[in-house]
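Inside the fold
The lines below spell out each chain.
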Amino acid sequence: MTAQDKDPAAAARGAKLASDFTQSLHYDRRLYSEDIAGSIAHARMLGKQGIIDSDEAAKIIEGLQQIEQEISAGTFAWKPDLEDIHMNIESRLHEIIGETAGRLHTARSRNDQVATDTRLWVKKAAQDAANALRQVQEALLQQAQRHTESVLPGYTHLQRGQPVVFAHHLLAYFEMFDRDAGRFLAAKRAADVMPLGSGAMAGSPYPLDRESVAEELGFAAISANSMDAVSDRDFILYYLFAASVTMAHLSRLAEEFIIWSSDEFGFIRLSDEYTSGSSIMPQKRNPDFAELIRGKTGRVYGHLMALLTTVKGLPLTYNRDLQEDKEGLFDAADTVLPALSAAAGMISGMTINADRMRLAADRSYILATDIADYLVGKGVPFRQAYIAVSALAKQSIATGIGFGELTMEHFRSASSLFDDDVMQVTLDSAVAARDVPGGTAPGRVKEALQQAMKRLDAANSEM
Ligand code: ARG
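Residues numbered from 1 in each chain as written. Predicted model: local features only at pLDDT ≥ 70, side-chain atom pairs only at ≥ 80, totals over all residues. Heavy atoms only, no water.

Brief notes about the site of the ligand
In the neighbourhood of the ligand, the contacting residues comprise S24, D84, H86, R110, N111, V114, Y318, Q323 and K326. The separation between a nitrogen atom of the ligand and a polar side-chain atom of N111 is 3.1 Å. The separation between an oxygen atom of the ligand and a polar side-chain atom of K326 is 2.6 Å. Bound to the protein, the ligand loses 86% of the 340 Å² it would expose on its own. (Near = heavy atom within 4 Å. Polar contact = N/O pair within 3.5 Å; in protein donor to acceptor, adjacent residues only side chain to side chain. Areas by Shrake-Rupley, 256 points an atom, 1.4 Å probe, with all protein chains shown as cover.)

Below is the structure:
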């Protein structure tokens, strides 16, 4: 007799702990429609191939359809003791159709089943994220359209560097989000391979028609190796990486919104919908949504690191560790999607203070590079011009004279080559001068905007 035999209460506690520890139902129930779709396609194929009786296949399919309705109606009785979504559905199928339910799992294992379910789920989630990114890109283009001439400081090291137009700044994010959408679509392609038919890991002794199952489920291909199919999760890593980079980009944008909406900058005002008041300081409008986008970025990175770590030491093929793949995946999706819709809303709803932006550029030494370039135009080597203008900048900083207030006398003291036309170096001339492909000259930015609109239209029509 063991100690547990003597103490039934301890045995019950032990069993409870074991089932709490191993069960995954509280999160994998999100896979119910994928699981049911996979089972229906599998049952149909078993019937067609004569592996099970076609009447039995029909009975199974009907039962599964009923279960789907019960789950979506919220009447399904979940049983955590049954461990996971797959066993919950199979057990309910027994209740509904009796012994025949036992034939569904012919030529199948939970290993190829769960890999299939998760791939279906990732395909959809990746497409949803790409679509949400397109909304953010659309919002950026709408704002950019209004600001192809609005000048603001461009920063390096958060120090005013050179003037740019606001549309150019926004289009920088358009590019980042465009690549993010591409990464999600790559994740979708990575997931678009069907494991069913791999069985537990070695394949199946039954005459399966894997292609027809893949076609019914909308998979582009069937897996080429049964051991790979049940044991790798790199398609989830693709998704988590795409989500991580997207969050990094969103977080940078959020950070800029936070800075720009501060009293010190005052470049933008976020709409009330995306700010909240302080419980003590009545004047405040805190950029909570932007802060939470920034703040939630780490958890998505965490899920990527967690899964990389989960898979790194696993011998082929399936190991229960792999059950840890889903919770982080779901949480990443639950984080990145709302973050994307908040970003789109914030971009569309913000008010731009173009005067404040221009003023910040005006009251600065932001034209220093252009004045050096002016001397270069008079034949001075750039390095020498740089030294002359840096003396000029030092002098005006020391005397508190703004760059805009410098007289010809000041200029001449730095170099005799300065002429009256140096007064024509302005914020507008500076941006207009950056007339290269990819540069901030308003003409170039308008062209880039047109191109971006076409690219977005093309992307939207592929969705
Ligand atoms: N809940 C499991 C998972 O998510 C399903 C597969 C279980 N397979 C097994 N052989 N125990 O990975």
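Following the structure, the description resumes.
Considering the side chain of R233
Take R233: it is sitting in the loop between α10 (226-231) and α11 (234-260). Looking at R233, its side chain comes within polar contact range of the side chain of D325, at 2.7 Å. (Helix = DSSP H or I, 4+ residues; strand = E, 2+ residues; numbered from the N terminus.)

Regarding the packing of helix α4 (residues 32-48) against helix α6 (residues 85-97)
Running from N to C, α4 and α6 cross one another at 55°; their axes reach a closest spacing of 10 Å. With respect to α6, the element α4 is oriented oblique. Between α4 and α6 lies a crossing whose hand is right-handed. In this structure, α4 uses Y32, D35 and I36 to contact α6, whose residues at the interface are I85, H86 and I89. Each residue belonging to the contact of α4 with α6 can be placed in one class, and the counts come to four nonpolar, one polar and one charged. (Axes fitted to C-alpha atoms, helices over the stretch in contact; angles between N-to-C directions. Parallel < 35°, antiparallel > 145°, perpendicular 65-115°, else oblique. Left-handed = near helix turned anticlockwise from the far one by under 90°. Contact = heavy atoms within 4.5 Å. Nonpolar A, V, L, I, M, F, W, Y, C, P; charged D, E, K, R; others polar.)

Examining the nonpolar core
Membership of the largest hydrophobic core comes to 101 residues, with the highest contact counts inside it found for F184, Y239, F257 and I268. Per-element accounting of this core gives the leading share, 15 residues, to α11. Filtering out sequence-adjacent residues up to four positions away, F184 remains in contact with A126, A129, A130, L133, Y239, A242, A243 and T246. Counting 30 residues, the second-largest nonpolar core is a separate cluster that includes I36, I52, I60 and L64. (Core = buried A, V, L, I, M, F, W, Y, C linked by side-chain atoms within 4.5 Å. Buried < 20%, exposed > 50% of the residue type's maximum accessible area, 1.4 Å probe, protein only.)

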